[in-house]
Amino acid sequence: MEKILIATHNINKVEEIKDILKNKDITFLTLDDIGYKNEVIEDGKTYFENALKKAKEISINTGYITIADDSGLEVEALGGRPGLYSQRYSGKGNLGNIKLLLKELKNIDNRNARFYASVVMYFKNDKYISSDGEIKGKIIDEMKGDKGFGYDPIFYLEEYNMTMGQISKELKNEISHRAKAFKKLWQIYEDSLDI
Ligand code: ITT
């Protein structure tokens with residue numbers, strides 16, 4: 001069976017990606033499975049550049065077909081911040097990030113936001129496929145739900161009247177930015193096998 005490496009150190013992302021791509025005839029390996037410890041410096045100007053850099057560098061170093069995701073939260077009233085810097089935004093982890101965001105949004109009525117993900121699957125010799133996905137929501141002042149990760153507890157989904165931290169993992173992995181990006185990526189991959 002084909003083995004594909006998931007190039008992320010974020011365990012929550014690994015679990016989501018494995019769940020989104022379940023029932024595929026592929027064995028997914030994680031960086032932990034192969035004892036890969038090197039950090040990739042994310043210095044790209046776009047999510048795509050960062051995702052390609054992660055997938056390419058780790059694929060070249062390991063020899064595996066490798067998939068990477070670069071994602072972030074973009075808040076309209078903040079001109080798209082924290083965006084590419086979502087993970088490093090406060091320098092104080094997830095809770096610090098949420099607190100800083102809510103501080104910045106104090107007295108601001110426009111709470112429109114989106115999660116965005118760019119994903120890349122790198123084969124070899126600069127051959128890769130890529131895709132992306134987004135989901136729109138609103139930032140609320142109170143944390144709700146203990147599912148998901150990152151900014152999920154303050155990302156409110158009008159359609160479900162719940163935050164991304166409250167919906168089930170099955171639903172998140174149907175509708176999220178990451179789910180959309182990986183489902184499209186897989187379609188492109190399978191289409192490429194038909195040729
Ligand atoms: P890798 O680079 O090792 O994949 P990372 O967590 O650093 O892991 P990113 O650089 O792509 O990944 O940063 C993404 C950040 O954006 C993530 O840490 C969260 O703060 C936020 N984020 C992305 N997707 C999210 C989601 O589904 N739910 C909540 N927050 C999310």
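Residues numbered from 1 in each chain as written. Predicted model: local features only at pLDDT ≥ 70, side-chain atom pairs only at ≥ 80, totals over all residues. Heavy atoms only, no water.

A word on helix α5 (residues 177-194)
So, step 1. With 18 residues, α5 extends 26 Å between its outermost C-alpha atoms, agreeing within 8% with the 26 Å of an ideal straight helix rising 1.5 Å per residue.
So, step 2. Among the residues making up α5, those that are buried are His177, Arg178, Ala179, Ala181, Phe182, Leu185, Trp186 and Tyr189.
So, step 3. Where α5 begins, the side chain of Ser176 points an oxygen toward the backbone nitrogen of Arg178, at a separation of 3.2 Å. (Helix = DSSP H or I, 4+ residues; strand = E, 2+ residues; numbered from the N terminus. Expected span 1.5 Å × (residues − 1). Buried < 20%, exposed > 50% of the residue type's maximum accessible area, 1.4 Å probe, protein only. Polar contact = N/O pair within 3.5 Å; in protein donor to acceptor, adjacent residues only side chain to side chain.)

Structural notes on the pairing of strand β1 (residues 2-6)
Successive residues of a regular strand alternate their side chains across the two faces of the sheet.
So, step 1. Where β1 meets strand β2 (residues 26-30), five bridges bridge the pair, whose relative direction is parallel. From the neighbouring strand, Leu5 faces β2, where its bridge partner is Leu29.
So, step 2. Tracing the backbone out of β1, into helix α1 (residues 11-20) and back to the parallel element β2 gives a crossover that is right-handed.
So, step 3. Where β1 meets strand β3 (residues 65-75), three bridges bridge the pair, whose relative direction is parallel. Among the inter-strand pairings, Ile4 is bridged to a residue of β3, identified as Ile65. (Pairing = 2+ DSSP bridges. Right-handed = clockwise from strand over helix to strand, strands pointing away.)

Remarks on helix α3 (residues 93-104)
So, step 1. With 12 residues, α3 should cover 16 Å at 1.5 Å per step; its first-to-last C-alpha distance of 16 Å lies within 8% of that length.
So, step 2. Of all the residues in α3, the buried ones are Gly96, Asn97, Ile98, Leu101 and Leu102.

Description of the site of the ligand
So, step 1. Close contacts around the ligand come from 20 residues, with Thr8, Glu42, Lys54, Asp152 and Lys172 the closest.
So, step 2. Here an oxygen atom of the ligand sits 3.2 Å away from a polar atom, N or O, in the side chain of Asp70.
So, step 3. Between the ligand and Ser71, the relevant distance is 2.9 Å, taken from an oxygen atom to a main-chain nitrogen or oxygen of the residue.
So, step 4. In isolation the ligand has 610 Å² of accessible area, and contact with the protein removes 94% of it.
So, step 5. According to the grid-proximity analysis, the pocket containing the ligand is the largest pocket.
So, step 6. Of all the secondary structure elements, the ones that give two or more residues to the shell around the ligand are β3 and α5.
So, step 7. The biggest single contributor to the shell around the ligand is β3, with four residues.
So, step 8. For the shell around the ligand, the per-class residue count stands at three nonpolar, nine polar and eight charged. (Near = heavy atom within 4 Å. Areas by Shrake-Rupley, 256 points an atom, 1.4 Å probe, with all protein chains shown as cover. 1 Å grid on protein atoms, 1.4 Å probe; cavity = no way out; pocket = protein on both sides within 12 Å on 5 of 7 lines; lining within 4 Å. Sits in = over half its atoms within 2 Å of the grid points. Nonpolar A, V, L, I, M, F, W, Y, C, P; charged D, E, K, R; others polar.)

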